[in-house]
Amino acid sequence: MARKQNFAFYFLLLAICVVDSNPAGANERIVPAIFIFGDSAIDIGTNNFLNSYAKANFRYNGIDFPYSKATGRFSNGYNIGDQLAMRFGFKKSPPAFLYLLNNTSIDFKKKIQRGVNFASAGAGILDDTGFKAWNAVIPLSQQIQQFKTVIGNITEVRGPKATAKLLAKSFYIFCVGANEFFDYMRNKSTAPREPFVASILSTYYNHLKNVYGMGARKFGIMGVAPIGCCPYARAINKKEGGGDACMPLLNDFAQAFYNSTFVLLQELSSELPELKYSFANVYNMTVDMLDNYPSFGLKDVKNACCGLGDYNGVFACYEPIYPNLCQNRSEYLFWDLYHPSQAASELLAETLFHGDSKYMTPMNFSVLAEVQVHI
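Quick look at the structure, then. Not measured: the values here are computed from a predicted model.

As used here, a disulfide is simply a covalent bond connecting the sulfur atoms of two cysteines. In total, this model carries 3 disulfides according to the counting rule given. Between the sulfur of Cys305 and that of Cys326 lies a disulfide, 2.0 Å long from S to S. Taking the sign of the S-S torsion, about -95 degrees here, the bridge from Cys305 to Cys326 comes out left-handed. Of the two residues, Cys305 is situated in the loop between strand E6 (300-304) and strand E7 (306-307) and Cys326 in the loop between strand E8 (324-325) and strand E9 (332-334); the sequence distance between them amounts to 21 residues. An identical accessibility class is assigned to Cys305 and Cys326; each is buried. Between the sulfur of Cys306 and that of Cys317 lies a disulfide, 2.0 Å long from S to S. Judged by the torsion about the S-S bond (75 degrees), the Cys306/Cys317 disulfide is right-handed. Here Cys317 lies in the loop between E7 and E8 and Cys306 lies in strand E7, a separation of 11 residues in the sequence. Neither Cys306 nor Cys317 differs from the other in exposure class; each is buried.

Structure, rendered in structure tokens:
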């Protein structure tokens, strides 16, 4: 009951924030730049530039985005990267690296000084994640190499000292890990689970340490949601005889990932004393929404708003196949077979930004943003 009341408080706070169109105040940025790494939950159009099956630059995606534009976000509107950026004082997520690189009318070196989104749908922590399912993705290692390119360009403009100051004060968001477990399930892997998770975390450790070595200091890390409860996983679980329930395999992996990442971040912060982090228990946040959905203004937490098949989770939200499309999109937890609706992303972002120790360790994103770091 305490947890329900706690999260319900954030929902009420969110309602206030929605009235105020800029939660952090008009153009009042609390960090100089945001750099975003991850997968489809936070991708804003990277995969538009890839020969990938994991794309969302078509209707009905973006139906609630300004001008109903399908930008490549796997959402009916803004995704969690946008929602967080708004709370940091930005209008939306910083632009995608490949968008900036491919748009010659944009001043690349000027734009990147306010941040870049490197996230790629289907990507994971391991280099081979997502390729079998989606043909082309940009794994976390390559996203970090793109970040290195960005640093080089900022340094050309600002010089080494000013760039180091900018990087240290900026905020780094990581939303990745789920696709390793989707691959494991799709491929019917028989690899032992504990060593598999350990290999993912060992690689993640090296990636985060690498970004720290480039000058990052403030890390906002998200755990994996209960992905076994998404419409896609529910549909498969039902087909395989699991009934109307979440898929245990994927949820077990998500919990194991959280527990291992919790330890990883403690070890990293001991090794790298200037590293400051906020770690989000997105699993518990989402479970609370599943269990107490009326408290959050939701009416459907099983079915996708847009899609086809059981739970609208068998086929994607793709207009040419005439998917089902709900009219009351703000009442759905899931937009499509994998991803949260804009309404759910708002709820999660508000808790990431203002949540207490029930969901955020050792501090929330807003507190981390204000932490002073040595340069």
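What follows concerns a nonpolar patch on the surface. Taken together, the side chains of Val314, Phe315, Tyr318 and Ile321 make up a nonpolar region of the molecular surface, amounting to roughly 350 Å² of accessible area. Tracing the backbone shows Ile321 in the loop between E7 and E8. You can call Ile321 partly exposed: its relative accessible area is 34%.

Okay, the packing of helix H8 (residues 178-186) against helix H9 (residues 193-213) next. It is the contact of H8 with H9, at a shortest axis distance of 11 Å, that shows an interaxial angle of 145 degrees. The hand of the H8/H9 crossing is right-handed. Of H9, the residues touching H8 (which contributes Glu180, Phe181 and Tyr184) are Arg193, Phe196, Val197 and Ile200.

For the rest of this paragraph, the subject is the pairing of strand E4 (residues 218-222). Regular strands place their side chains on alternate faces of the sheet. Burial analysis of E4 places 5 of its 5 residues in the buried class, which makes it a mostly covered element. Side chains Lys218, Gly220 and Met222 of E4 all project onto a buried face; the interleaved residues Phe219 and Ile221 project onto the opposite face, where all are buried too. Across 5 bridges, strand E3 (residues 171-175) lies against E4 in parallel orientation. Bridge pairing in E4 places Phe171 opposite Lys218. For E4 and strand E5 (residues 276-280), the ladder comprises 5 bridges, and the chain directions are parallel. By the bridge assignment for E5, Ile221 is matched with Phe279.

Following the sequence through the fold, Lys92 ends up in the loop between helix H2 (80-87) and helix H3 (97-102). Between the C-alpha atom of Lys92 and that of Tyr78, which follows or precedes it by 14 residues, the distance is 8.0 Å. Not counting the four nearest positions on each side in its chain, Lys92 is found in contact with Arg73, Tyr78, Asp82 and Ala85.

Procedures and definitions
- Residues numbered from 1 in each chain as written.
- Predicted model: local features only at pLDDT ≥ 70, side-chain atom pairs only at ≥ 80, totals over all residues.
- Heavy atoms only, no water.
- Disulfide = S-S within 2.5 Å.
- Helix = DSSP H or I, 4+ residues; strand = E, 2+ residues; numbered from the N terminus.
- Buried < 20%, exposed > 50% of the residue type's maximum accessible area, 1.4 Å probe, protein only.
- Patch = residues over 30% accessible without salt bridge, like charges linked within 9 Å, V, L, I, M, F, W, Y side chains within 5 Å.
- Areas by Shrake-Rupley, 256 points an atom, 1.4 Å probe, with all protein chains shown as cover.
- Salt bridge = Lys/Arg side-chain N within 4 Å of Asp/Glu carboxyl O.
- Axes fitted to C-alpha atoms, helices over the stretch in contact; angles between N-to-C directions.
- Left-handed = near helix turned anticlockwise from the far one by under 90°.
- Contact = heavy atoms within 4.5 Å.
- Pairing = 2+ DSSP bridges.

So, to be careful, I would describe these as geometric facts and stop short of saying anything about function.
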